[in-house]
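# Descriptive analysis of the structure
Chain by chain, the residues:
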Amino acid sequence: MSPKLLHTPPPVGDTERPVPRWAMCLASVLPLLLLPSCLWRLPFALHFEMGQIPELGMPPYWVSIAYVLGLSVLTEVTALLAIGLVRGWGEVAPVWIPVVGGRRVRPMAAFVPALLGSLILTVLFTNLPIGDGCRLTALGVIDTVQYTHEAWQTLATVCIAPTAVWGPAVIALAIAYYRRRTRVREA
């Protein structure tokens, strides 16, 4: 008898148990919710300031382009990973992944990183206005960015404000995932 190096995935439809409709909708909308902030960032890569009055000079193009594009791609990829909390590939690793492909994902192996990441996102993107053009953030008290015109400030707010929902949304998805995956089967 030869050792079995490649294994077949366990029989699973899309998910083992039904996913709540709200969770499916939230996970599907999350990448689209973050898209405006990614698009808002892109002009900064080419040193277009989008109406902001900069306090410091801009970095060289090779730094700003790599940073802004990398941050935008990372944001969207991370948002797309949240879909794994409501789809079958969050329960059974895709076959193309080396070593673990086709194996069942333990609930805690998805829940813990999702919860920790979402708590970090919540802390990073939550800020409170405290007056005099200042905001209280996880990094301390910072000055609010100044704009040349109110229209630029409104556009920035509309594009960036949905990122505050990102962390709490993933917390809700992670809890729903954990409850769905660890529920005792009824006989």
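Right, let's walk through the structure included here. (Residues numbered from 1 in each chain as written. Predicted model: local features only at pLDDT ≥ 70, side-chain atom pairs only at ≥ 80, totals over all residues. Heavy atoms only, no water.)

## As for the overall build of the chain
Here is the rule: Only DSSP runs of H or I with at least four residues qualify as helices, and only runs of E with at least two residues qualify as strands; both kinds are numbered from the N terminus onward. Taken over C-alpha atoms, the radius of gyration is set against a globule rule of 2.2 Å times the number of residues to the power 0.38. The buried label goes to any residue with under 20% of its type's maximum accessible area, the exposed label to any with over 50%, and the partly exposed label to all in between, with areas taken from a 1.4 Å probe on protein chains only. Throughout, a residue-residue contact means that at least one pair of heavy atoms, one from each residue, lies within 4.5 Å. Reported accessibility uses the Shrake-Rupley method at a 1.4 Å probe radius. Residues are deemed covered only where the shown protein chains occlude them. We count Lys and Arg on the positive side and Asp and Glu on the negative side, and we leave His and both chain ends out. Note on charges: their place is set at NZ of Lys, CZ of Arg, CG of Asp or CD of Glu.
A count of helices and strands for the chain gives five helices and three strands. Starting at the N terminus and ending at the C terminus, the chain contains elements arranged as α-α-α-β-β-β-α-α. By the compact-globule yardstick of 16 Å for 187 residues, the chain is too spread out, its C-alpha radius of gyration being 21 Å. Seen through its C-alpha atoms, the chain measures out along the principal axes to roughly 70 × 35 × 25 Å. With 187 residues in all, the chain has 30% of them scored as buried. Across the chain, the fraction of contacts at a sequence separation of at least 24, relative to all contacts at a separation of at least 6, is 69%. Carbon together with sulfur atoms contributes 70% to the accessible area of the chain, which is approximately 12,300 Å² in total. Side chains of the chain give 14 positive and 10 negative charges; the mean places of these two sets differ by 21 Å.

## Examining unusual backbone geometry
The phi dihedral of His47 falls on the positive side, at around 70 degrees, and the residue is not glycine. Tracing the sequence through the fold places His47 in the loop between helix H1 (21-45) and helix H2 (61-81). Under the relative-accessibility criterion, His47 is labelled partly exposed at 22%. Although it is not a glycine, Met50 sits at a positive phi angle of roughly 50 degrees. Inspection of the secondary structure puts Met50 in the loop between H1 and H2. Residue class for Met50 comes out buried when judged on its relative accessible area of 9%.

## Describing the environment of Pro162
Position of Pro162 relative to the elements: it lies in the loop between helix H4 (150-160) and helix H5 (163-182). Sequence separation of Pro162 and Leu34 is 128 residues, and the distance between their C-alpha atoms is 6.6 Å. Apart from residues lying up to four places away in sequence, Pro162 is in contact with Leu33, Leu34 and Thr157.

## Digging into a nonpolar patch on the surface
How we decide: Surface patches are drawn from residues lacking salt bridges whose relative accessible area is over 30%; two like charges belong together within 9 Å, two nonpolar side chains (Val, Leu, Ile, Met, Phe, Trp, Tyr) within 5 Å. Between Lys or Arg on one side and Asp or Glu on the other, a salt bridge is scored when a side-chain nitrogen of the former is within 4 Å of a carboxyl oxygen of the latter.
Taken together, the side chains of Leu32, Leu35, Leu39, Leu42, Leu46, Tyr61, Ile65 and Leu69 make up a nonpolar region of the molecular surface, amounting to roughly 730 Å² of accessible area. Looking at the nonpolar patch, the elements with two or more residues in it are H1 and H2. In terms of residues, the nonpolar patch owes the most to one element, H1, which gives four residues. Look at Tyr61 and you get partly exposed, because its relative accessible area is 45%.

## Describing the packing of aromatic side chains
Put simply, the rule reads: Stacked, tilted and edge-to-face pairs are distinguished by plane angle, under 30 degrees for stacked and over 60 for edge-to-face with tilted covering the rest, among Phe, Tyr and Trp rings (Trp via its six-membered ring) whose centres lie within 6.5 Å.
Here the structure, examined in full by the defined rule, presents four aromatic pairs. Ring centres of Trp40 and Phe44 lie 5.9 Å apart, and the angle between their planes is 65 degrees; this geometry places the pair in the edge-to-face category. Here Phe44 and Trp40 lie together in helix H1, a separation of four residues that amounts to about one turn. Here the aromatic rings of Phe111 and Tyr178 are separated by 4.7 Å at their centres, their planes lie at 35 degrees, and the arrangement is tilted. Placement of Phe111 in helix H3 (residues 107-125) and of Tyr178 in helix H5 is noted, with a sequence separation of 67 residues between them. For Phe111, a relative accessible area of 13% translates into the label buried. For Tyr178, a relative accessible area of 30% puts it in the partly exposed group.

## Observations regarding the pattern of salt bridges
In the structure shown here, the tally under the stated rule is two salt bridges. Salt-bridge contacts for Glu16 lead to Arg104; the nearest nitrogen and oxygen are separated by 2.2 Å. With Glu16 in the segment before H1 and Arg104 in the loop between H2 and H3, the pair connects residues that are 88 residues apart, well separated along the chain. The salt bridge partner of Arg180 is Glu91, with a shortest N-O separation of 3.0 Å. Of this pair, Arg180 sits in helix H5 while Glu91 sits in the loop between H2 and H3, and the two are 89 residues apart along the sequence. As far as the burial class goes, Arg180 and Glu91 line up, both buried.

Taken by themselves, the reported measurements are silent on function.
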